[in-house]
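Spelled out, the chains give:
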Amino acid sequence: MCKVFCAVLCMLIVSPAWCDSIRFEDPTRPLEYRDAEQKKVKLTLQAIFNKPEGKKAIINGRLLKNGDLVHGARVVEIHDKYVIYEWNGRQGRLTLRDSIKLSESK
C-alpha cells in the first residue's frame, strides 16, 4: 500500500512540470490558424492566371481562387494585375511586379 501511495505521490509531483514542457496541439483548431507568437509572413503575389473556371493567383507558392486562405489572409478578388485580400478585418492589395526589360551589353 505504501509503494502505491509513493508512486501516486511521485506522479502528482512530476506531472505538472512534465506537462509544462510539452506543447499540446488543439485538434479542433482551423488549419490556417496563426498564433500571435508565430512570426509574421510576407505575402508575395507571383502570378495570375485566367482559367476557364475563373481567375487564379499564385501567392507564396500556392495556387488560390477567390475565398481561399493563405497564412490567415482570405483572397477577396483577383484582377488582371493585382489581388485584394482581407486579413483581420482589413483589406490589402498585392500587385504583380512589372516585367523588367534588360538591354544587351555590347
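Our subject is the structure that appears above.
The shown structure was predicted, so the numbers you read here are calculated from the model rather than taken from an experiment. (Residues numbered from 1 in each chain as written. Predicted model: local features only at pLDDT ≥ 70, side-chain atom pairs only at ≥ 80, totals over all residues. Heavy atoms only, no water.)

Draft legend 1. Structural context of the pairing of strand β6 (residues 82-87). Strand direction decides the pairing type here: strand β5 (residues 73-78) and β6, joined by four bridges, are antiparallel. Paired with I78 across the two strands is V83, which belongs to β6. In this antiparallel pair of consecutive strands, β5 and β6, the connection spans three residues. In the sheet, β6 pairs with strand β7 (residues 90-95) via six bridges, with the strands oriented antiparallel. Paired with E86 across the bridge in β7 is Q91. Connecting the antiparallel pair β6 and β7 is a turn made up of two residues, with N88 showing a positive phi of about 55 degrees. (Pairing = 2+ DSSP bridges. Helix = DSSP H or I, 4+ residues; strand = E, 2+ residues; numbered from the N terminus.)

Draft legend 2. How the structure looks around the side chain of D68. As for its placement among the helices and strands, D68 is situated in the loop between β3 (62-64) and β4 (69-70). At a separation of 2.8 Å, a polar atom in the side chain of D68 contacts the main-chain amide nitrogen of K65. When near neighbours in sequence (up to four residues on either side) are disregarded, D68 contacts L63, A73, R74 and V75. (Polar contact = N/O pair within 3.5 Å; in protein donor to acceptor, adjacent residues only side chain to side chain. Contact = heavy atoms within 4.5 Å.)

Draft legend 3. Quick peek at the sheet that holds β7. Pairing is antiparallel in the open sheet, where four strands are placed in the order β4-β5-β6-β7. For this open sheet the edge positions go to β4 and β7, each flanked by a neighbour on one side alone. Here two bridges tie β4 to β5, and the two strands are oriented antiparallel to one another. Within β5, the position partnered with V70 by the bridge is A73.

Draft legend 4. Seen up close, the nonpolar core. Counting twelve residues, the largest nonpolar core is built from L43, L45, I48, A57, I59, L64, V70, A73, V75, I78, V83 and L94. By residue number, the principal contributor to this core is β5, which donates three residues. Ignoring any residue separated from it by four or fewer positions in sequence, one finds V75 in contact with I59, L64, K65, N66, G67, D68, V83, I84 and Y85. (Core = buried A, V, L, I, M, F, W, Y, C linked by side-chain atoms within 4.5 Å. Buried < 20%, exposed > 50% of the residue type's maximum accessible area, 1.4 Å probe, protein only.)

Draft legend 5. A look at the sheet that holds strand β2 (residues 54-59). As summarised here, the arrangement of the three strands in space is β1-β2-β3, forming an open sheet in which the pairing is antiparallel. The open sheet has two edge strands with one neighbour each: β1 (45-51) and β3. Strand-to-strand twist in this sheet, taken as the mean axis angle between neighbours without regard to direction, amounts to 20 degrees. For β2 and β3, the ladder comprises three bridges, and the chain directions are antiparallel. The residue bridging I59 from the neighbouring strand is R62, located in β3. (Axes fitted to C-alpha atoms, helices over the stretch in contact; angles between N-to-C directions.)

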